[in-house]
Amino acid sequence: MQPQIIEPQIIVCGLGQIGYRIFLVLQQQGISVAGISDPSLGNEAYWEQAPADDPTIAVGSVIANSVIVGSVRSEKTLIAAGIKQAKTLLIACEDDALNLAILTQAKLLSPNIRIVNRLFNTQLGTRLDQTMPNHVSMSVSALVAPIFAFSAMQQPVIGQLNLLKKVWPVTVEDITPNHLLVGKSLSTLWDNPDRMLLTYEPAKSPVGLMTAVQSGQRLAVGDRLIWAELQKAKSPKRSFQDFINNTQQGFRQFRDLSRAMILILLVLLATIGVAILAYVSSNPATSLIDALYFSVGMITGAGGQEAVVENSTDPVKVFTAVMMLVGAGVIGVFYALLNDYILGTHLQQIWMTTRVPKSGHRIVCGLGGVGFRTLDLLKQLGEDVVALEYDAQGRFVRTARSRNVPVITGDAALPEVLKLANVEKAAALLAVTSDDAVNLEIAITAKSVAPRLPVLVRIHDPQFARQIQQVFEFEWVISPTDLTAPAFAAAAIGGRILGNYTARDGLWLAIATRITPSHPLYGRKLQSAASAEEFTPLYAESNQQLIQGQALLNMTLTQDVVLYLMMPAHRWEKLGESQHID
């Protein structure tokens, strides 16, 4: 019997934590979506109606009319999922090699299908986007890093926009009695070029954002406003006193790390001193210089001035033999410590410690893809950043140091390592390694050292993240799964998504659309069109000019104008999908 074939608009391939969340987001937006669940992948999510170990479920069978169980790279499974009828295939597995295998099989079955591909290797993803038509690569680290960075800067971020070659964090403002925006006119806020109003939810009468802006309505207590605000980089603040303090700290660090080497150096000098004293005492004719030269040569193995002991008594010769053995051990240990000190990480650690800010900095624990991108964005915004990384040979350690960021190597779950980063006076700590348990341990240790320190914890599993938040009450416990699923879903819906956020009424997308004579907005005044079609205009480009503020609302949409706007995902096709810019 042939398996039932479904005909979805989008197929989500790989229903792991992220894939399953993407699947649910798309369903919530009313999108026709099918999912492929592979029992051979250990982290797959399965439905209560069809557990993975149920022997009655045949490979390629349909669950709840929307999910196929089978190998994600199987031709039979992809056909059953509707690969030949679907417009988009979203590949969400956690293995780049497997995702590439799915990609090639899908293109053989449906050459024109649009692919949204989750790839950890961002360089490979960029090359695929450039060489393969209808291919969009996405990286979890690239999506979550800005959220982590802005959260660490004490901002309640719910999404992000990538516009005008900059990242704009999307935040929510609930207007309270003491809020600074109480009584402010929305038209005044609209004209600010560093701020983009996105959604307005008044507490009383249901007035749309466009109407409220045009009428100059003022914000009242209970209103809710969602906007994106440009973050300007801070100017570096370094004083001569900071230099003096860092130098003093470097000397203290040098003293602490050099104790073992200084101790063995003193033992070596004492050994040489005892030898000199013995040779001068046994033969008054031996000069101090000759005794010193022979003692150092004997201990180091270089030799020289053997005449000092050739005609000496037997006890002196026995003493010399013993000193050769003792000296060899002492000099061996000294050379080993010196080699480790210079060629190892001690000097580098001292140098890094002298550059650690005294206060007001952010500490990023874990220099993986997410950690490095978070650190890099914080640095671009002018924030002082310190990185803690367990692996001294980690992939991004050298790159972070080339960004002039102090990198301390060690276990961030140890109090003494955190203290090297001045954790007691830091502005925030971000535990963003790839291991949930390690992140939790780092956060708990940091709180034990600095109880008032704001801490952000990266936890992959959304349910586990909520439980940790309830038990430990950290400032932020963020699941990349919850953050990235809407972005992947937005990309799957179509076109080039410039950002997204989730509001009370669902998923909102930032897109760019080019106005042509066949476009549904052609010839219409933007303000009335925005009110009727329920979207928020952000800005427009016409004849290489940027149009914002009131001029944007008053413009008439003519041919070749490129309009950037926010709109609910469920109204995507209302504006003519063929006109969206890829």
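Thresholds, definitions, all that
- Residues numbered from 1 in each chain as written.
- Predicted model: local features only at pLDDT ≥ 70, side-chain atom pairs only at ≥ 80, totals over all residues.
- Heavy atoms only, no water.
- Helix = DSSP H or I, 4+ residues; strand = E, 2+ residues; numbered from the N terminus.
- Buried < 20%, exposed > 50% of the residue type's maximum accessible area, 1.4 Å probe, protein only.
- Contact = heavy atoms within 4.5 Å.
- Areas by Shrake-Rupley, 256 points an atom, 1.4 Å probe, with all protein chains shown as cover.
- Arc of directions from axis to C-beta.
- Pairing = 2+ DSSP bridges.
- Axes fitted to C-alpha atoms, helices over the stretch in contact; angles between N-to-C directions.
- Lys, Arg positive; Asp, Glu negative; His and termini not counted.
- Salt bridge = Lys/Arg side-chain N within 4 Å of Asp/Glu carboxyl O.
- Polar contact = N/O pair within 3.5 Å; in protein donor to acceptor, adjacent residues only side chain to side chain.
- Patch = residues over 30% accessible without salt bridge, like charges linked within 9 Å, V, L, I, M, F, W, Y side chains within 5 Å.
- Parallel < 35°, antiparallel > 145°, perpendicular 65-115°, else oblique.
- Left-handed = near helix turned anticlockwise from the far one by under 90°.
- Nonpolar A, V, L, I, M, F, W, Y, C, P; charged D, E, K, R; others polar.
- Phe/Tyr/Trp six-rings, centres within 6.5 Å; stacked < 30°, edge-to-face > 60°.
- Right-handed = clockwise from strand over helix to strand, strands pointing away.

Draft legend 1. Structural view of the overall build of the protein. Of the regular secondary structure elements, the protein holds 21 helices and 22 strands. Within the span of the protein, comprising 582 residues, buried residues form 52% of the whole. Of the contacts made within the protein by residues no fewer than 6 positions apart, 64% connect residues no fewer than 24 positions apart. Put simply, the protein shows about 27400 Å² of open surface, and 54% of that area lies on carbon and sulfur atoms.

Draft legend 2. Seen up close, helix α18 (residues 462–472). When α18 is considered as a whole, its buried residues turn out to be P462, A465 and I468. The arc enclosing the buried residues of α18, seen along the axis, measures out at 120°, which places them on a common side. The outward face of α18, more than 90 degrees from its buried face, is lined by the exposed residues Q470 and V471. The elements touched by buried residues of α18 are α17 (436–449), β17 (476–478) and α19 (480–493).

Draft legend 3. Structural detail: the sheet that holds strand β14 (residues 407–409). Spatially, β14-β13-β12-β15-β16-β17 is the arrangement adopted by the 6 strands of the open sheet, whose pairing is parallel. Of all strands in the sheet, those with a lone pairing partner are β14 and β17, marking the two edges. If you compare each strand with its neighbour and ignore which way they point, the axes differ by 15° on average. Sheet topology places strand β15 (residues 428–431) next to strand β16 (residues 455–458); 3 bridges connect them, and they run parallel. Counted as the bridge partner of L430 is L456 from β16. Packing against the sheet, α17 makes contact with β12 (362–365), β15 and β16, and its axis sits at approximately 170° to β16.

Draft legend 4. Main features of unusual backbone geometry. Here the phi dihedral of K165 falls at roughly 65°; this positive angle occurs in a residue that is not glycine. Structurally, K165 can be placed in the loop between β8 (157–163) and β9 (166–174). Positive phi outside glycine occurs at N543, with the angle close to 50°. Counting through the fold element by element, N543 comes out in the loop between β20 (536–542) and β21 (545–547). The exposure class of N543 is exposed, given its relative accessible area of 74%.

Draft legend 5. Expanded view of the side chain of E173. On the secondary structure map, E173 appears in strand β9. It turns out E173 is buried and unbridged, and the closest side chain with the opposite charge, R195, is 7.7 Å from it. Here the side chain of E173 touches H179 through a polar contact of 2.7 Å, side chain to side chain. Residues contacting E173, with those up to four places away along its chain left out, are H179, D223, R224, L225 and W227.

Draft legend 6. Highlighting a nonpolar patch on the surface. Together, I262, L265, L266 and L269 give the surface a local cluster of nonpolar side chains, amounting to about 350 Å² of exposed area. Mapped onto the secondary structure, L265 falls in helix α9 (residues 259–282).

Draft legend 7. Examining the sheet that holds strand β19 (residues 506–514) more closely. Across the sheet, 9 strands lie side by side as β10-β11-β9-β8-β18-β19-β22-β20-β21; this open sheet has antiparallel pairing. The sheet is open, and its two borders are formed by β10 (195–201) and β21, each paired with just one other strand. Neighbour-to-neighbour, the strand axes of the sheet open up by a mean angle of 20°, direction not taken into account. Looking at chain direction, β20 and strand β22 (residues 562–568) are connected through 5 bridges and run antiparallel. Residue E541 lies in a different strand from β22, and its bridge partner there is V562.

Draft legend 8. Region of the structure containing the pattern of salt bridges. What the rule picks out here adds up to 9 salt bridges. Across the salt bridge formed by R195 and E229, the nearest N and O atoms sit 3.1 Å from each other. Of this pair, R195 sits in strand β10 while E229 is found in strand β11 (residues 224–229), placing the two residues 34 residues apart along the sequence. Taking the relative accessible area as the measure of exposure, R195 reaches 15% and is therefore buried. Of the charged contacts in the structure, one is a salt bridge between D376 and R403, with a shortest N-O distance of 3.0 Å. Separated by 27 residues along the polypeptide, D376 in helix α14 (residues 369–380) and R403 in the loop between α15 (397–402) and β14 bring together distant segments of the chain. Exposure remark for D376: the relative accessible area of 15% places this residue in the buried category.

Draft legend 9. Fine view of the packing of helix α5 (residues 140–152) against α14. Packing of α5 against α14 leaves a shortest axis separation of 8 Å and a crossing angle of 50°. Classed by the angle they form, the pair α5 and α14 counts as oblique. Taken as a pair, α5 and α14 cross one another with a handedness that is right-handed. Counting all contacts with α5, which are made through S141, A142, V144, A145, P146, F148, A149 and F150, the residues of α14 involved are G369, V370, R373, T374, L377 and L378. Class assignment for the residues of the contact of α5 with α14 results in 10 nonpolar, 3 polar and 1 charged.

Draft legend 10. Region of interest: the packing of aromatic side chains. Under the defined criterion, the tally for this structure stands at 4 aromatic pairs. Judged by centre distance (4.9 Å) and plane angle (10°), the rings of F372 and F396 are stacked. Taken together, the residues F372 in helix α14 and F396 in the loop between β13 (385–389) and α15 connect sequence positions 24 residues apart. Here the two residues F372 and F396 agree in accessibility, since each one is buried. With a centroid separation of 4.3 Å and 20° between ring planes, the pair formed by Y539 and Y564 is classed as stacked. Residue Y539 is located in strand β20, and its partner Y564 is located in strand β22; the two are separated by 25 residues in the primary sequence. An identical accessibility class is assigned to Y539 and Y564; each is buried.

Draft legend 11. Highlighting the pairing of strand β1 (residues 10–13). Burial along β1 is two-sided: the residues I10 and V12 and I11 and C13 are all buried. Taken together, the 4 bridges between β1 and strand β5 (residues 88–91) define a ladder with parallel strand orientation. Pairing of I11 across the sheet is with L89, part of β5. Between the parallel elements β1 and strand β2 (residues 33–37), the chain passes through helix α1 (residues 17–28) in a crossover that is right-handed.

Draft legend 12. Spotlight on the side chain of Q527. Of note, Q527 is situated in helix α20 (residues 526–533). For Q527, the residues in contact, after removing those within four places along its chain, are M210, Q214 and L553.

Note that every value here comes from positions in space, so none of it alone points to a role or purpose.
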